[in-house]
Amino acid sequence: MALWLKENALDSDVAISTRVRLARNLAGIPFPHRIAGTQRAEQVKETAKRAFLRDGMDFSYQEIRGLSPINKTRLVEQHIISRELASGNEGAMILSPDESICVMIGEEDHYRLQCLRSGYDVDTAMKMAFELDKMLNKEAEYAFDPELGYLTSCPTNVGTGMRVSVMLHLPGLTLSGGIRGILSALGNFGVTARGCYGEGSEAAGDIYQISNQVTLGVSEKDIAKNLKTVVSQIIKKEREARNALLHNQGAEVKDRIWRSYGLLKYAWKMDTSEALSCISLVNMGVGLGIIEANTSDELYGLMMDIMPGMLSGEGRTAQDRDVVRARMIRNTIH
Amino acid sequence: MVCSECGKRPATMHYVQTVNGVTTEKHLCSECAAKHQELNSLNLFSAGDFFKSFFDFGEQMPAVMGGPACKTCGLTLGDFRETGLLGCPDCYSSFRDAIIPVLRSTHGNVQHVGDTPENGSEESKRRREIEELKAKMQKAIQEENFEEAAKLRDEINAKKGEEKE
């Protein structure tokens, strides 16, 4: 299970995780895609090492090219590094022991300072991210413009360079159909949502990532405040939707939850999308007190562990994976 | 209420945006609303595609597209249009006139109001200067310009001396 997932996190019946990412670049040095393989790319890495690999600090440094394919996949599927960083050979990362802190080096920007928290905890994630920022800024002169703020490779991140995301589990709003109205209203608040798993607009496992859209012309504090207002409302609506479903269609909802539980506990093979939707319903059942099974953090961890990349052993076909997945689930669900 | 954009069909989407105290209001029909990226809740566009469409002026702006490259990194607006990524921090000044409208359409506002960096200690600035001099020295050696390389070596040593003091 992902090390950064913790028990008893805030609002963990609905919120899986909170992430804050700061994009930072060194002054006077071209962005990573223009300096691949040069001495300047090394300079970017050395600066980060000086800032973070000090006595008394428990960070470890790792070049991406030194990671095994399965390890790369694990890091991506547990949301610790981006797919983009993992797919290149040039980058590197600095990790805390529980992997909740990750400095991605040489992704789209020289640095992406990332803090992950279990549950809904924007304030702590932000505080941690700005501590990293201070540490790095002691060694690094940032590319900064008084008018445009922190300069980034892609203009969509310029300004604060800050992206706050909360990953939410919304089966109640999905089943009741309320999710559509909420998603279409989000744009009005400068906030976007996307399905976390699945292609296009499909959100497998009913998991959505809610993030701020605007990074320029708004302060860090206001970005966080705005996002928190929206996310708190969604969490409230999700709980209302779950209770309303239980109240109005109790037998139907309980039946779906218990059927899902039965499948997870006894199925011999299971594909990713079926597994995600069953775990999603069981987690809702746990939140509503309908069923006694694993805790939410265990179920969220299971969702990440059953992704195809994590189960791809050598010579394993999709069908083999489905069997391995089902066995893993049977051994985890109690 | 009729759509404020086409003035024909009835307005079904009412859109209010407040950025830094400036409120803009739009009342749109579903057809005109579909044209607005900011009304689309699932903004599943890639930055590259987005900028591609933004700079898709066709025949109208050949001068800009073939225009000068960034003096620091050599990126052209055409490269930016392809990837959606700028080449270096200086691209923001090299292409300011082209970038500001993009920023305005993405963020709504083009004045940073967030944190300002302390921006490195004297120590880190000196170290950066030394790194830059070293790179220049390497280049000079490769080009067999030993006189220049020796000059740079002295400069590096002088900077290192400052460090010790």
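Residues numbered from 1 in each chain as written. Chains lettered and ligands numbered in written order. Predicted model: local features only at pLDDT ≥ 70, side-chain atom pairs only at ≥ 80, totals over all residues. Heavy atoms only, no water.

Caption draft 1: Broad picture of the overall build of chain B. Within chain B, the secondary structure is distributed over eight helices and two strands. The helix and strand sequence of chain B, counted from the amino end, reads β-β-α-α-α-α-α-α-α-α. Expressed as a percentage of its 165 residues, the buried residues of chain B come to 35%. Taking the contacts inside chain B whose residues are at least 6 apart along the sequence as the reference set, 35% of them involve residues at least 24 apart. Only carbon and sulfur atoms are counted for the fraction: they give 50% of the accessible area of chain B, which is about 10,000 Å². (Helix = DSSP H or I, 4+ residues; strand = E, 2+ residues; numbered from the N terminus. Buried < 20%, exposed > 50% of the residue type's maximum accessible area, 1.4 Å probe, protein only. Contact = heavy atoms within 4.5 Å. Areas by Shrake-Rupley, 256 points an atom, 1.4 Å probe, with all protein chains shown as cover.)

Caption draft 2: Structural context of the overall build of chain A. When its secondary structure is counted, chain A shows twelve helices and ten strands. Since a compact globule built from 334 residues should have a radius of gyration of about 20 Å, the 21 Å found for chain A is in line with a globular shape. In terms of overall dimensions, chain A has C-alpha extents of about 65 × 50 × 35 Å along its principal axes. Expressed as a percentage of the 334 residues in chain A, the buried residues total 60%. Of the contacts made within chain A by residues no fewer than 6 positions apart, 70% connect residues no fewer than 24 positions apart. Accessible surface, chain A: about 13,300 Å² in total, of which carbon and sulfur atoms supply 49%. Computed over 39 positive and 42 negative side-chain charges, the separation of the two mean positions in chain A equals 1 Å. (Rg over C-alpha atoms; globule rule 2.2 N^0.38 Å. Lys, Arg positive; Asp, Glu negative; His and termini not counted. Charge placed at Lys NZ, Arg CZ, Asp CG, Glu CD.)

Caption draft 3: Here's a closer look at the packing of aromatic side chains. All names here are of chain A. Across all of its chains, the model carries four aromatic pairs over all chains by this definition. Measuring from ring centre to ring centre gives 5.9 Å for Tyr-142 and Tyr-150, while their planes differ by 70 degrees; the resulting arrangement is edge-to-face. Overall, Tyr-142 belongs to the buried group, its relative accessible area being 1%. Residue classification places Tyr-150 among the buried residues on the basis of a relative accessible area of 2%. Centre to centre, the rings of Trp-258 and Tyr-261 are 5.6 Å apart; their planes meet at 80 degrees, and the pair counts as edge-to-face. A residue pair is termed a helical-turn pair when its members lie 3 or 4 positions apart in one helix, as Trp-258 and Tyr-261 do in helix H9 (residues 250-266) at three residues. Residue classification places Trp-258 among the partly exposed residues on the basis of a relative accessible area of 43%. Assessed through its relative accessible area of 12%, Tyr-261 is described here as buried. Linked through ring pairs, Tyr-142, Phe-144 and Tyr-150 together constitute an aromatic cluster. The lysine or arginine in question, Arg-24, covers the ring of Tyr-150, its NZ or CZ lying 3.5 Å from the ring centre. (Phe/Tyr/Trp six-rings, centres within 6.5 Å; stacked < 30°, edge-to-face > 60°. Lys NZ or Arg CZ within 6 Å of the ring centre and 35° of its normal.)

Caption draft 4: Helix H7 (residues 179-186) of chain A, seen in detail. Buried within H7 of chain A are the following residues: Ile-179, Ile-182, Leu-183 and Leu-186 of chain A. Buried residues in H7 of chain A, looked at end-on, bunch into an arc of 95 degrees, giving them a common side. (Arc of directions from axis to C-beta.)

Caption draft 5: Local environment of the pattern of salt bridges. Counting across every chain of the model gives 25 salt bridges over all chains. A single network of salt bridges, built from pairs that share partners, joins Glu-42, Lys-45, Glu-63 and Arg-65 of chain A. (Salt bridge = Lys/Arg side-chain N within 4 Å of Asp/Glu carboxyl O.)

Caption draft 6: A look at the interface of chain B and chain A. The partner chain A presents 55 residues to the 48 residues of chain B that form the contact. In total, chain B and chain A occlude about 4,400 Å² of area from one another, counting both sides; carbon and sulfur atoms represent 56% of this. Inspection of the region where chain B meets chain A yields two salt bridges. Our count for the chain B to chain A interface comes out at 14 residue pairs in polar contact (both at pLDDT 80 or more). When contributions to the side of chain B that touches chain A are tallied by element, the ones reaching two or more residues are strand S1 (13-19), helix H2 (47-54), helix H4 (77-83), helix H6 (96-107) and helix H7 (122-142) of chain B. (Buried area = accessible area lost by both parts, 1.4 Å probe. Polar contact = N/O pair within 3.5 Å; in protein donor to acceptor, adjacent residues only side chain to side chain.)

Caption draft 7: Representation of unusual backbone geometry in the model. Positive phi outside glycine occurs at His-79 of chain A, with the angle close to 65 degrees. Here His-79 of chain A is to be found in the loop between helix H3 (69-77) and helix H4 (83-87). At Glu-144 of chain B, a position not held by glycine, the phi torsion is positive, near 60 degrees. Among the structural elements, Glu-144 of chain B can be located in the loop between H7 and helix H8 (146-164).

Caption draft 8: Molecular detail of the domain arrangement of chain A. Residue and element names in this part refer to chain A. Structurally, chain A comprises domain 1 (15-240) and domain 2 (249-332). Listed by partner, the interface residues are 17 residues for domain 1 and 15 residues for domain 2. Around 1,400 Å² of area is buried between domain 1 and domain 2 when both sides are counted, 72% of it from carbon and sulfur atoms. Applying the counting rule to domain 1 against domain 2 returns zero salt bridges. (Domains from an automatic or database assignment.)

Caption draft 9: Looking closely at the packing of H9 of chain A against helix H10 (residues 272-288) of chain A. All names here are of chain A. Where H9 contacts H10, the two axes come as close as 8 Å, and the packing angle between them is 125 degrees. As the angle between them shows, H9 and H10 are arranged oblique. For the element pair H9 and H10, the recorded crossing hand is left-handed. Along the contact surface, H9 presents Val-253, Arg-256, Ile-257, Ser-260, Tyr-261, Leu-263 and Leu-264, while H10 presents Glu-274, Ala-275, Cys-278, Ile-279, Leu-281, Val-282, Met-284 and Gly-285. Among the residues forming the contact of H9 with H10, the class breakdown is eleven nonpolar, two polar and two charged. (Axes fitted to C-alpha atoms, helices over the stretch in contact; angles between N-to-C directions. Parallel < 35°, antiparallel > 145°, perpendicular 65-115°, else oblique. Left-handed = near helix turned anticlockwise from the far one by under 90°. Nonpolar A, V, L, I, M, F, W, Y, C, P; charged D, E, K, R; others polar.)

Caption draft 10: View of the nonpolar core. Counting 57 residues, the largest nonpolar core has Phe-52, Ile-105, Tyr-111, Leu-113, Leu-168, Ile-210 and Ile-234 of chain A as the members making the most contacts within it. What Tyr-111 of chain A contacts, discounting residues up to four positions off in sequence, is Leu-22, Ala-23, Arg-24, Leu-26, Val-44, Thr-47, Ala-48, Val-103, Met-104, Ile-105 and Leu-136 of chain A. (Core = buried A, V, L, I, M, F, W, Y, C linked by side-chain atoms within 4.5 Å.)

Caption draft 11: Broad picture of the pairing of strand S10 (residues 204-212) of chain A. Residue and element names in this part refer to chain A. Most of S10 is tucked away: nine of the nine residues are buried. Relative to S10, strand S8 (residues 162-169) is paired through five bridges, and the arrangement is antiparallel. From the neighbouring strand, Ser-165 faces S10, where its bridge partner is Ser-211. (Pairing = 2+ DSSP bridges.)

Caption draft 12: Quick peek at the environment of Arg-21 of chain A. Residue and element names in this part refer to chain A. Here Arg-21 lies in strand S1 (residues 15-24). Look at Arg-21 and you get buried, because its relative accessible area is 13%. Separated by 32 residues in sequence, Arg-21 and Leu-53 have C-alpha atoms that sit 20 Å apart. Dropping the residues within four chain positions of it, Arg-21 is found in contact with Ser-82, Met-104, Arg-112, Leu-113, Gln-114, Gly-161, Met-162 and Arg-163. Reaching out from Arg-21, the side chain makes a polar contact with the side chain of Gln-114 at a distance of 2.9 Å.

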